[in-house]
Amino acid sequence: MTPEGMKTSTDYRRPYRPLPVSLFDRAGRLGRRLGLGDHLDVGRMIGAARRRTGLSDFGDEWFLGPLGVLVRSINNEARLTPLGMRIQRSRIVSALSNRLRVEHLLRQHPGILDVHLGRIIVIAGLQRTATTTVHRLIAADSRVRALRSWEALNPVPMPGERSGDPRGRLRRAKLAARTIGYIAPDFRAVHPVEFDAPEEDVLLLDLSFMSQSPEATMHVPGYARWLEKQDHTRCYEYLRTVLKLLHWQRPGDFWVLKTPHHMEYLDVVLGVMPDACVVQTHRDPKKSVASFCSMVAHARGMLSDHVDPGEIGRHWMRKTRRMIERSMEVRRAAGSGVFVDVSYYDLVADPMRELRRIYRAAGIDFGEEAEAAAKAVSQRNVKNRYGRHVYSLSSFGLDDETVDRHCDCYRREYRIPDETALARTDS
């Protein structure tokens, strides 16, 4: 485990393995040598989802194209452990099952598609720039509707579930959080996984098999290259549909969404959600890139014995530059009042002041109750409470000059300070 005060490992090439996991993988590797293949098969996973749910109609099956590309990339490139392959199979079958349940519920209640979501705040900064902090502070507001971890895993009520009583889904989410904590204790210090906390809606984009999740958790360069060339409109339209379904179950006055993935496709986000207010958080990329590469390495280590820190650094340095350039293009063409910028450093210094700015930009009142709720969350989410996340650019074959070269336009555009220089000044 990683108790408070302990440091995360930087030995990324040798991921931690509990003994039962090691034994499971050893047995699985023996099976592979004996010809018992464990590759992913789209047809079999579709059959498993249909058997699990007792449903057969997916509606529009356009998502099978992205799923096929993803499965080929996992089978050919990811080099997953036997347990990693089992986890991915389970994730895909769960996504397919959720699509079946969504389609079934929409046929029973077509009025869900007419649900009005209210004002939508979209948090879309680069990874590790305090997007999670802003998300959780806003989600503390009792008026707000945010995706919760248990809803992300199962957005549709389970069979027999009574309205307003999602205990079955909560139990499943608790088990999932405990499983991650057992397989990879360090990961909780990198990114806390809590069954009922606000969660990234990238997990809803996963239902369309078009998101950054696979390349953040596996080595799937073929899929990642393919994804960048696609039109993402349909997966965002499906995201909007699932949000309406969630709103129908548990309404709120307005929504807050969050995932760095949105930064790469802000044109599509604003096309599907034209009234959204987009919050971009900013931090010195030398810190945020190193932190995120470490997060990716820990995540990949859960699923594979072959973690290449240098490849992770190259991939996510290029991806970071792409996200920066694409978001800046959209912002140049957008009207005034769509975006609000939040400095990581200003947020740390005075989070309530930054929240007031965000609410004002979104046209929402930031009253005493919202402020009190945000302060309570801020006091609970103490830094390093699950251990200290240790990381460096050099672990991933990067250095300050490389990051500055790729991100110079971003730093100048948003007046982002050099965090290392700030630290020297403070000391």
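Use the structure listed above.
Described in the following lines is the structure provided in the data block. (Residues numbered from 1 in each chain as written. Predicted model: local features only at pLDDT ≥ 70, side-chain atom pairs only at ≥ 80, totals over all residues. Heavy atoms only, no water.)

**Observations regarding the packing of helix α15 (residues 285–303) against helix α16 (residues 309–333)**
Alright, step 1. Two elements in contact, α15 and α16, have axes whose closest approach is 10 Å; the angle formed by their N-to-C orientations is 130°. One element, α15, and the other, α16, form an angle in the oblique class. As for the relative orientation of α15 and α16, their crossing is right-handed in sense. Contact with α15, carried on its side by Val289, Phe292, Cys293, Val296, Ala297 and Arg300, involves Glu311, Ile312, Gly313, Trp316, Met317 and Thr320 of α16 and no other residues of that element. (Axes fitted to C-alpha atoms, helices over the stretch in contact; angles between N-to-C directions. Helix = DSSP H or I, 4+ residues; strand = E, 2+ residues; numbered from the N terminus. Parallel < 35°, antiparallel > 145°, perpendicular 65-115°, else oblique. Left-handed = near helix turned anticlockwise from the far one by under 90°. Contact = heavy atoms within 4.5 Å.)

**Regarding the side chain of serine 208**
Alright, step 1. Examined against the element boundaries, serine 208 turns out to sit in the loop between α9 (202–205) and α10 (213–217).
Alright, step 2. Ignoring any residue separated from it by four or fewer positions in sequence, one finds serine 208 in contact with Trp62, Phe63, Pro66, Arg99, Cys235 and Tyr238.

**Structural notes on the sheet that holds strand β4 (residues 277–282)**
Alright, step 1. As summarised here, the arrangement of the 5 strands in space is β2-β3-β1-β4-β5, forming an open sheet in which the pairing is parallel. Each edge of the open sheet is held by one strand with a lone partner, namely β2 (144–146) and β5 (339–343). When the angles between neighbouring strand axes are averaged without regard to direction, this sheet yields 25°.
Alright, step 2. Sheet topology places β2 next to strand β3 (residues 254–258); 3 bridges connect them, and they run parallel. In the sheet register, alanine 146 faces β3, and the bridge partner there is valine 256.
Alright, step 3. Here helix α18 (residues 351–362) sits on the sheet and contacts β1 (119–123), β3, β4 and β5; the angle it forms with β5, its principal contact strand, is near 175°. (Pairing = 2+ DSSP bridges.)

**Some words on the nonpolar core**
Alright, step 1. Among the nonpolar cores identified, the biggest contains 98 residues, and Ile74, Leu96 and Tyr236 are the most heavily contacted of them.
Alright, step 2. Once you skip the residues sitting within four places of it in the chain, leucine 96 turns out to touch Met45, Ile46, Ala49, Phe58, Phe63, Leu67 and Phe209.
Alright, step 3. Listed in part, the 28 residues of the second largest apolar core include Ala146, Cys277, Ile364 and Ala370. (Core = buried A, V, L, I, M, F, W, Y, C linked by side-chain atoms within 4.5 Å. Buried < 20%, exposed > 50% of the residue type's maximum accessible area, 1.4 Å probe, protein only.)

**Some details on the packing of aromatic side chains**
Alright, step 1. Counted according to the given criterion, the structure contains 9 aromatic pairs.
Alright, step 2. Put simply, the rings of Phe58, Phe63 and Phe209 touch in pairs and so form one group of aromatic residues.
Alright, step 3. Arginine 99 extends its terminal NZ or CZ atom over the ring of tyrosine 238, reaching a point 3.9 Å from the ring centre.
Alright, step 4. Directly above the ring of tyrosine 344 sits arginine 283, whose terminal nitrogen or CZ lies 4.1 Å from the centroid. (Phe/Tyr/Trp six-rings, centres within 6.5 Å; stacked < 30°, edge-to-face > 60°. Lys NZ or Arg CZ within 6 Å of the ring centre and 35° of its normal.)

**Details of the packing of α18 against helix α19 (residues 368–380)**
Alright, step 1. Here α18 crosses α19 at 135°, and the two axes come no closer than 11 Å. Here α18 lies oblique to α19, going by the angle between them. Here the hand of the crossing between α18 and α19 comes out right-handed. Counted together, Met352, Leu355, Arg356 and Tyr359 of α18 and Ala370, Glu371, Ala374 and Lys375 of α19 form the full contact between these two elements.
Alright, step 2. Among the residues making up the contact of α18 with α19, the classes are represented as 5 nonpolar, no polar and 3 charged. (Nonpolar A, V, L, I, M, F, W, Y, C, P; charged D, E, K, R; others polar.)

**A word on the pairing of β1**
Alright, step 1. Along β1, 4 of the 5 residues are buried, which leaves the element largely enclosed by surrounding structure.
Alright, step 2. The pairing of β1 with β3 spans 5 bridges and is parallel. Directly across from valine 122, in β3, lies its bridge partner leucine 257.
Alright, step 3. Here β1 runs beside β4; their pairing, made up of 3 bridges, is parallel. By the bridge assignment, valine 122 is partnered in β4 with valine 278.

The quantities given are spatial measurements derived from coordinates; they are silent on function.
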